[in-house]
There are 2 protein chains.
Amino acid sequence: MTPYRTIAQQSASYPVFIARGAIDGVGGIVSSAAGARKRPFVITSANLLEPFGRPVAASFDPPARIVLIEEGERRKTLETAAAAVTALLEAGAQRDSVAVVVGGGMIGDTAGFAASIFLRGIDLVHVPTTLLAQVDSSIGGKVAVNHPAGKNLVGSFHAPRAVVADIDALATLPERELLSGVFEALKSGIIGDPALFELTEQRRAAILERLPEVLEEVVRRSVDVKGEIVSADEREGDVRRLLNYGHTIGHGIEAATHYEGMTHGEAVGWGMIAANAIAVRRGMLPGHVARRIDDSIAAFRPTPPPSLDREAVLRAMAHDKKFSGGRRVMILPRAIGLCEVVDDIESAELEYGIDAVTAR
Amino acid sequence: MTPYRTIAQQSASYPVFIARGAIDGVGGIVSSAAGARKRPFVITSANLLEPFGRPVAASFDPPARIVLIEEGERRKTLETAAAAVTALLEAGAQRDSVAVVVGGGMIGDTAGFAASIFLRGIDLVHVPTTLLAQVDSSIGGKVAVNHPAGKNLVGSFHAPRAVVADIDALATLPERELLSGVFEALKSGIIGDPALFELTEQRRAAILERLPEVLEEVVRRSVDVKGEIVSADEREGDVRRLLNYGHTIGHGIEAATHYEGMTHGEAVGWGMIAANAIAVRRGMLPGHVARRIDDSIAAFRPTPPPSLDREAVLRAMAHDKKFSGGRRVMILPRAIGLCEVVDDIESAELEYGIDAVTAR
């Protein structure tokens, strides 16, 4: 199989494969990307075992061993990562093993983090099976688990050896999970690719019907946006921060609602609406452009947040990694395809943004 | 204060300060190495709080906040690292904070690992207070915790911003802990500096009496040996593997005796005696050189292992990271100051080495 592209980060370069049926090629891809002598261990969840885990394991000769971890945002913890480490040890994984992580963002982040600390780090290959993981979390090398005090507070940078996104995996994805990825793709369009935004705007029905050609285009363009950004800025300088558009208030909403009732992508959708309101108020973004973005988000019908408590959102944001050193940083759009890092956000602006979500 | 030297690893360069009274200069050193705007958090144990933790915290203006973690090899776990992360969050640490880790190898490894995964890694400064930590564990960027299945199985590479070794801290070190460091220094001499080995051989009494000039020389020469090695090979190629001289069978002895009854350095001392026996048997090392090394180790009187169970040692070694990919790798000396990586060690040789320890 030919990679769609290579992402060249500072610490490592890796190929990204995006194709229908790509899962059947994982064995061959891993052998050429990580080395044929490396022993593969597929890490997935019980739910994903039959549809994806076993086919991936069977693509190796001999078949890869399979390690199961728990799934769900509530299990995205250090305990689950530790259980993955123990399971890897018990399955016989060693320093020259490669972890082939099959699943959505939670599994990729948790098992990827486990791979990053297992024997101080073993090779990692992501096989993202959700749209969110394909367009966002499998790219860039960030892995992490949650802490009771906030999301992704414990983690590391551990670039994969390869990413293999099978578009066919999206056919059976629950609708809300599909939408979760759509909002991240829409975000990528606004920060760096107007054509991608237009795709989510104009091909909405085709996306919801999961037309493979359209989904493949969405994944490719999203990977391009994120790939360019993480190539320019592996860690967390201003360039990479652009990816946080919609995430500052979005994370606050997620935390204030205890990560229940809405997907990550939906929270990002609301967070973008909040950011747009602030950008308009600052005079950075024309009102009609904000309305166009907001309407496109709303057309995908994100679950409305249950009666947002403004103070709870603000409190939850206090722990946010992005509010570094006491400066309140947010990403605000100037146009579709152009965002900017702003580091002097006032409390009153945050309140205004949160209220814009409630008013919607 | 002027650094003794700079260690230039692939991922980062950092100064190493080695001096009497260096602890009082930590605040100034951290400001220039990590940036004056970074907020410092001293991580240490309750036992080390008064003698070292508070003086280090007081060297900052305003004084650094202090976070306490549990100590002891049995607490060198993911749970203790997780508790350190929680304590850092509660103390208000953020992405631009710097963790100033004050203590011996266990604290440096555990709190250093916590710093490496806290918000995907914050700045780290090591203030090693034991000879073992000064000559070995604070240098090179490896941090890790133990797993029930073996030592240091969970960890990462996280180079410090600076290392500050205060020779005065060694004055009150319990004798067995001093010796633990002596054996690692002796090891460094054999792998890379005959003068360092001779120092441990000829200045034994001065070392045991803790003559500061001699201890400083031991620390400096040990840091030179390890610094050269980790500069040439940050991860785990053949060069860095040289540091494992004495550690293969040493780790097996530690695990088989459940990390009780002897220090890490003592286990390494016995491990070197085992390795020497194997090297002589292979014709790599002249018998009189082996005797000279063995005698020098024995002169420091390492606690004899309690009736070693040969099978238990071998079983414990099966999980060793260094026995990668089924190949049994050991470091064997050819001369004082010259060691070699050997990757075809036979079971019978391991048994012979273990028996040499028992016979001693």
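Residues numbered from 1 in each chain as written. Chains lettered and ligands numbered in written order. Predicted model: local features only at pLDDT ≥ 70, side-chain atom pairs only at ≥ 80, totals over all residues. Heavy atoms only, no water.

Asker: For the environment of Thr44 of chain A, give the residues involved together with the corresponding values.
Answerer: Residues and elements named next belong to chain A. Residue placement: Thr44 occurs in strand β3 (residues 39-44). Sequence separation between Thr44 and Gly25 is 19 residues, and the spatial gap between their C-alpha atoms is 17 Å. Contacts of Thr44, omitting those with residues within four sequence positions, involve Leu49, Gly53, Ile66, Val67, Leu68, Ile69, Val102 and Ile107. Side-chain polar atoms of Thr44 contact the backbone oxygen of Val102, separated by 2.9 Å. (Helix = DSSP H or I, 4+ residues; strand = E, 2+ residues; numbered from the N terminus. Contact = heavy atoms within 4.5 Å. Polar contact = N/O pair within 3.5 Å; in protein donor to acceptor, adjacent residues only side chain to side chain.)

Asker: Can you explain the packing of aromatic side chains? Please cite residues and give values.
Answerer: All names here are of chain B. Scanning the model with the defined rule gives 2 aromatic pairs over all chains in all. Centre to centre, the rings of Phe183 and Phe300 are 6.2 Å apart; their planes meet at 80 degrees, and the pair counts as edge-to-face. With Phe183 in helix α6 (residues 175-192) and Phe300 in the loop between α13 (287-299) and α14 (310-317), this residue pair connects regions lying 117 residues apart in the sequence. When the ring centre of Tyr352 is taken as origin, the NZ or CZ atom of Arg281, which lies over that ring, is 4.7 Å away. (Phe/Tyr/Trp six-rings, centres within 6.5 Å; stacked < 30°, edge-to-face > 60°. Lys NZ or Arg CZ within 6 Å of the ring centre and 35° of its normal.)

Asker: How would you summarise the environment of Pro212 of chain B if you had to cite specific residues and measurements?
Answerer: Residues and elements named next belong to chain B. Structurally, the position occupied by Pro212 is in helix α9 (residues 212-232). A relative accessible area of 19% places Pro212 in the buried class. The sequence separation of Pro212 and Val357 amounts to 145 residues, and the corresponding C-alpha distance is 32 Å. Beyond its immediate sequence surroundings of up to four residues, Pro212 is in contact with Arg20 and Ile167. (Buried < 20%, exposed > 50% of the residue type's maximum accessible area, 1.4 Å probe, protein only.)

Asker: Lay out the packing of helix α11 (residues 247-256) of chain A against helix α12 (residues 264-281) of chain A with the relevant residues and their values.
Answerer: Residues and elements named next belong to chain A. Where α11 contacts α12, the axes come no closer than 7 Å and their chain directions differ by 130 degrees. By the angle between their axes, α11 is oblique relative to α12. In this structure, α11 meets α12 at a crossing whose hand is right-handed. Facing His247, Ile249, Gly250, His251, Ile253 and Glu254 of α11, the residues of α12 in contact are His264, Ala267, Val268, Trp270, Gly271, Ala274 and Ile278. Split by residue class, the contact of α11 with α12 holds 7 nonpolar, 5 polar and 1 charged. (Axes fitted to C-alpha atoms, helices over the stretch in contact; angles between N-to-C directions. Parallel < 35°, antiparallel > 145°, perpendicular 65-115°, else oblique. Left-handed = near helix turned anticlockwise from the far one by under 90°. Nonpolar A, V, L, I, M, F, W, Y, C, P; charged D, E, K, R; others polar.)

Asker: An account of unusual backbone geometry is needed here, citing residue identities and associated values.
Answerer: Cis rather than trans, the peptide bond between Asp61 of chain A and Pro62 of chain A has omega equal to -5 degrees. Take Pro62 of chain A: it is sitting in the loop between α2 (46-58) and β4 (65-68). Positive phi outside glycine occurs at Arg210 of chain B, with the angle close to 60 degrees. Here Arg210 of chain B lies in the loop between α8 (204-208) and α9. For Arg210 of chain B, a relative accessible area of 16% corresponds to the buried category.

Asker: So what's going on with the interface of chain B and chain A? Residues and values would help.
Answerer: One frequently used descriptor of interface size is the decrease in accessible area upon assembly of the parts. In this assembly, 34 residues from chain B lie in contact with 33 residues from chain A. Taken together, the two surfaces of chain B and chain A that pack against each other cover about 2800 Å², and 59% of this comes from carbon and sulfur. Joining chain B to chain A, the criterion identifies 0 salt bridges. Put simply, chain B and chain A have 8 residue pairs in polar contact (both at pLDDT 80 or more) between them. Mapped by element, the contributors of at least two residues to the side of chain B that touches chain A are α3 (78-90), α4 (105-117), β7 (142-147) and β8 (150-157) of chain B. If you tally residues by element for the side of chain B that touches chain A, the top one is β8 of chain B, at 6 residues. Its residues assigned to classes, the side of chain B that touches chain A shows 16 nonpolar, 11 polar and 7 charged. (Buried area = accessible area lost by both parts, 1.4 Å probe. Salt bridge = Lys/Arg side-chain N within 4 Å of Asp/Glu carboxyl O.)

Asker: Let's hear about the sheet that holds strand β3 (residues 39-44) of chain B: which residues, and what values?
Answerer: Residue and element names in this part refer to chain B. One open sheet accounts for 7 strands, arranged β1-β2-β9-β6-β5-β3-β4; its pairing is mixed. Among the strands making up the open sheet, the edge pair consists of β1 (5-8) and β4 (65-68). Taken over all neighbouring pairs, the strand axes of this sheet differ in orientation by 20 degrees on average, direction set aside. Pairing between β3 and β4: 4 bridges, direction parallel. What sits directly across from Ile43, in β4, is Val67. In the packing of helix α2 (residues 46-58) onto the sheet, the strands contacted are β3, β4, β5 (97-103) and β6 (123-128), and the crossing angle to β3 comes to about 160 degrees. (Pairing = 2+ DSSP bridges.)

Asker: Could you give me a rundown of the sheet that holds strand β1 (residues 5-8) of chain A, with the residues and numbers involved?
Answerer: Residues and elements named next belong to chain A. Pairing is mixed across the open sheet formed by 7 strands, whose spatial order is β1-β2-β9-β6-β5-β3-β4. Only two strands of the sheet have a single neighbouring strand rather than two, namely β1 and β4. For this sheet, the mean inter-axis angle between neighbouring strands, taken without regard to orientation, is 20 degrees. For β3 and strand β5 (residues 97-103), the ladder comprises 5 bridges, and the chain directions are parallel. Counted as the bridge partner of Pro40 is Val98 from β5. In the packing of helix α9 (residues 212-232) onto the sheet, contacts are made with β1 and β2 (13-19), and the angle to β1 comes to roughly 25 degrees.

Asker: Could you give me a rundown of the packing of α6 of chain B against α9 of chain B, with the residues and numbers involved?
Answerer: Residue and element names in this part refer to chain B. Relative orientation of the contacting elements α6 and α9 amounts to 50 degrees, with a least axis distance of 9 Å. By the angle class used here, α6 and α9 are oblique. The handedness of the crossing between α6 and α9 comes out as left-handed. Residue-level contacts link Leu178, Ala185, Ser188, Ile191 and Gly192 of α6 to Leu215, Val218, Ser222, Val225 and Ile229 of α9. A class-by-class count of the residues in the contact of α6 with α9 yields 7 nonpolar, 3 polar and no charged.

Asker: Before we move on, could you go through the relation of the copies chain B and chain A and cite the residues and values that matter?
Answerer: Overlaying chain B on chain A yields an RMSD of 0.0 Å, the required transformation being a rotation through 180 degrees with an accompanying axial translation of 0.0 Å. One copy is carried onto the other by what is essentially a two-fold rotation axis. When the interface residues of chain B are mapped onto chain A, 97% of them are again interface residues, pointing to one common binding face. (Least-squares fit on C-alpha atoms with pLDDT ≥ 70 in both.)

Asker: An account of α12 of chain A is requested, with residue identities and associated values reported.
Answerer: Residue and element names in this part refer to chain A. Given a rise of 1.5 Å per residue, 18 residues ought to cover 26 Å, and the 26 Å separating the end C-alpha atoms of α12 matches this to within 8%. Most of α12 sits out of view: 16 of its 18 residues are buried. Backbone geometry just after α12 places Gly283 at a positive phi near 80 degrees. (Expected span 1.5 Å × (residues − 1).)

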